[in-house]
Amino acid sequence: MNIEKVMVVGSGQMGSGITQVFATAGMPVLMVDVKQEFVDRGIQTIRKNLERSVVKNRITEAEKEEILGRISTSIEMADGSDVDFAIEVVTEKEEIKKDVFRKLDELLKKEAIIASNTSTISITKLGGVTKRPDKVVGMHFFIPAPVMKLVEVIRGLRTSDETYETVMHLSEAIGKEPVTAQDFPAFTVNRLLVPMWNEAMYMVMEGNKPEDVDRAMKLGANFPMGPLELADFAGLDTTLSVMEVMYEGYGDPKYRPCPLLRKMVDAGLLGRKSGEGFYKY
C-alpha cells in the first residue's frame, strides 16, 4: 500500500517528534491534539529542533521551512479523514487509546492503516475495538524520535501481511530501522529496559545515590546514559505506567513497580518535564 498522507494524533514530546520525522522524510503530515495550545506547543518544539539542526549545519534554513511547510495542525481528527495512515501518540492508558481507535475507525477511509505508538498495550486489543483489525499495527518510536533509529513494528493477532509489510517499508522510507516485535506487554526494548529501571530505583530506595548507580552502568556496561537519567528523560509517570501494564500483563513479581517510584510520581516529581526526578533540572 502506498502511504502519501499521514496523521499524527498527539502533539507532545513523542507526537511532535514523530510528526517531524514524517515531514523531514518529505511527507505531508497533519498533527492533531485536543487543544490548540497543545498543537501550538508541538509546532514550537519542532521549530526549535529544526533551528538547532540549522545551527549545526545539518539542514539549511530553506530545508527547515520546507519541513515546516509540510506540517498542518488541527484540533479535529475529522480533518484527517483522507489520510492513508494514522498513528496515535496519546497518553499510555488503554481506555484512552481504545477511544482514539474507535474514533479513527469511524472517521478514516476503509483502506487507511491505524497504528499505535504504544510501548506496552496490546495491539490485538486496540485492533479489537475497530472494524478493521487487519489494518491495525504497532509502530513504536523511541525518544527522541527524530534521533533514535529504531522502530518496533508489532503485529496484532489479526494484522494482515499487507499492513505489516507496508509499515516495515514505511519505517525504512522515513529513515528508521524497523525490527519485528511480538504482541506481548512492553514488546522488546522496554521488556528488557524496565526491569533494569526498577532495580536501579530499588537500589536508590536502599540508600544508593542515583549518581553512583548511573555512573556504574555508564562506566561498567558502556551505557551512554544511566538508567535513572533515562527514566527521568522518559518521564517517571510514563515509566510507572509501563511497569503497571507489564505487571498486570505478565503477573510476574519481577515487574512490580518500586514503591519509591510511586511516591515520586504522587509527589509530582516526574523527571525532566517537571524539573525534578532522580535529578534536579
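Owing to the predicted nature of the structure, the values given are computational and were not obtained by experimental measurement.

**Student:** Lay out the overall build of the protein chain with the relevant residues and their values.
**Tutor:** The helix and strand tally for the protein chain stands at 11 helices and eight strands. In summary, the protein chain has a C-alpha radius of gyration of 19 Å against a globular reference of 19 Å for 281 residues, a match within 12%. Structurally, the protein chain occupies a C-alpha span of about 55 × 45 × 35 Å along its principal axes. The buried share of the protein chain, taken over its 281 residues, is 49%. Residue pairs in contact within the protein chain that sit at least 24 positions apart in sequence constitute 66% of those at least 6 positions apart. Summed over all atoms, the accessible surface of the protein chain reaches about 13,600 Å², with 51% contributed by carbon and sulfur. Averaging the coordinates of the 36 positive side-chain charges in the protein chain and doing the same for the 42 negative ones gives two points 2 Å apart.

**Student:** Tell me about the UniProt feature "domain: 3-hydroxyacyl-CoA dehydrogenase NAD binding" (unreviewed entry) in the protein chain, and name the residues and values.
**Tutor:** The UniProt record marks residues 5-183 with the feature "domain: 3-hydroxyacyl-CoA dehydrogenase NAD binding" (unreviewed entry), using the residue numbering of this structure. Split by type, residues 5-183 is 41% helix and 20% strand. Its first and last C-alpha atoms lie 27 Å apart.

**Student:** Explain the packing of helix α1 (residues 13-24) against helix α2 (residues 36-55) to me, and be specific about the residues and the numbers.
**Tutor:** Any two packed helices are characterised by how steeply their axes cross, that is the angle between the axes, and by the distance between the axes. Interaxial distance between α1 and α2 falls to 9 Å at its minimum, and their mutual angle equals 55 degrees. In terms of orientation, α1 lies oblique with respect to α2. α1 and α2 meet at a crossing whose hand is right-handed. Mapping the contact onto sequence places Ser 16, Thr 19 and Gln 20 in α1 and Gly 42, Thr 45, Ile 46, Asn 49 and Leu 50 in α2. For the contact of α1 with α2, the per-class residue count stands at two nonpolar, six polar and no charged.

**Student:** Requested: an account of the environment of Glu 211, with residues and values cited.
**Tutor:** Considering the arrangement of structural elements, one finds Glu 211 in helix α8 (residues 210-220). Take Glu 211: its relative accessible area is 39%, and that puts it in the partly exposed class.

**Student:** Report on the side chain of Asp 183, specifying residues and quantitative values.
**Tutor:** Along the polypeptide, Asp 183 turns up in the loop between β8 (177-181) and α7 (189-205). Although Asp 183 is buried, it forms no salt bridge, and the closest oppositely charged side chain is Lys 125 at an N-O distance of 9.4 Å. At a separation of 3.0 Å, a polar atom in the side chain of Asp 183 contacts the main-chain amide nitrogen of Ile 123. Those residues in contact with Asp 183 that sit more than four places away from it in its chain are Ile 121, Ser 122, Ile 123, Thr 124, Ile 154, Arg 155 and Gly 156.

**Student:** Lay out the environment of Arg 272 in plain terms, naming residues and giving numbers.
**Tutor:** Summarising the element assignment, Arg 272 is placed in the segment after α11 (259-266). If we ignore the near neighbours within four places in the chain, the residues touching Arg 272 are Asp 232, Phe 233 and Tyr 281.

**Student:** Requested: an account of the pairing of strand β1 (residues 6-9), with residues and values cited.
**Tutor:** Where burial is concerned, the two faces of β1 agree: the one with Val 6 and Val 8 and the one with Met 7 and Val 9 are both buried. Relative to strand β2 (residues 29-32), β1 runs parallel, the two sharing four bridges. Residue Val 6 lies in a different strand from β2, and its bridge partner there is Val 29. Following the backbone out of β1, through α1 and into the adjacent parallel β2, one traces a crossover that is right-handed.

Rules of the game
- Residues numbered from 1 in each chain as written.
- Predicted model: local features only at pLDDT ≥ 70, side-chain atom pairs only at ≥ 80, totals over all residues.
- Heavy atoms only, no water.
- Helix = DSSP H or I, 4+ residues; strand = E, 2+ residues; numbered from the N terminus.
- Rg over C-alpha atoms; globule rule 2.2 N^0.38 Å.
- Buried < 20%, exposed > 50% of the residue type's maximum accessible area, 1.4 Å probe, protein only.
- Contact = heavy atoms within 4.5 Å.
- Areas by Shrake-Rupley, 256 points an atom, 1.4 Å probe, with all protein chains shown as cover.
- Lys, Arg positive; Asp, Glu negative; His and termini not counted.
- Charge placed at Lys NZ, Arg CZ, Asp CG, Glu CD.
- UniProt positions renumbered as here; feature names shortened; annotations may be inferred.
- Axes fitted to C-alpha atoms, helices over the stretch in contact; angles between N-to-C directions.
- Parallel < 35°, antiparallel > 145°, perpendicular 65-115°, else oblique.
- Left-handed = near helix turned anticlockwise from the far one by under 90°.
- Nonpolar A, V, L, I, M, F, W, Y, C, P; charged D, E, K, R; others polar.
- Salt bridge = Lys/Arg side-chain N within 4 Å of Asp/Glu carboxyl O.
- Polar contact = N/O pair within 3.5 Å; in protein donor to acceptor, adjacent residues only side chain to side chain.
- Pairing = 2+ DSSP bridges.
- Right-handed = clockwise from strand over helix to strand, strands pointing away.

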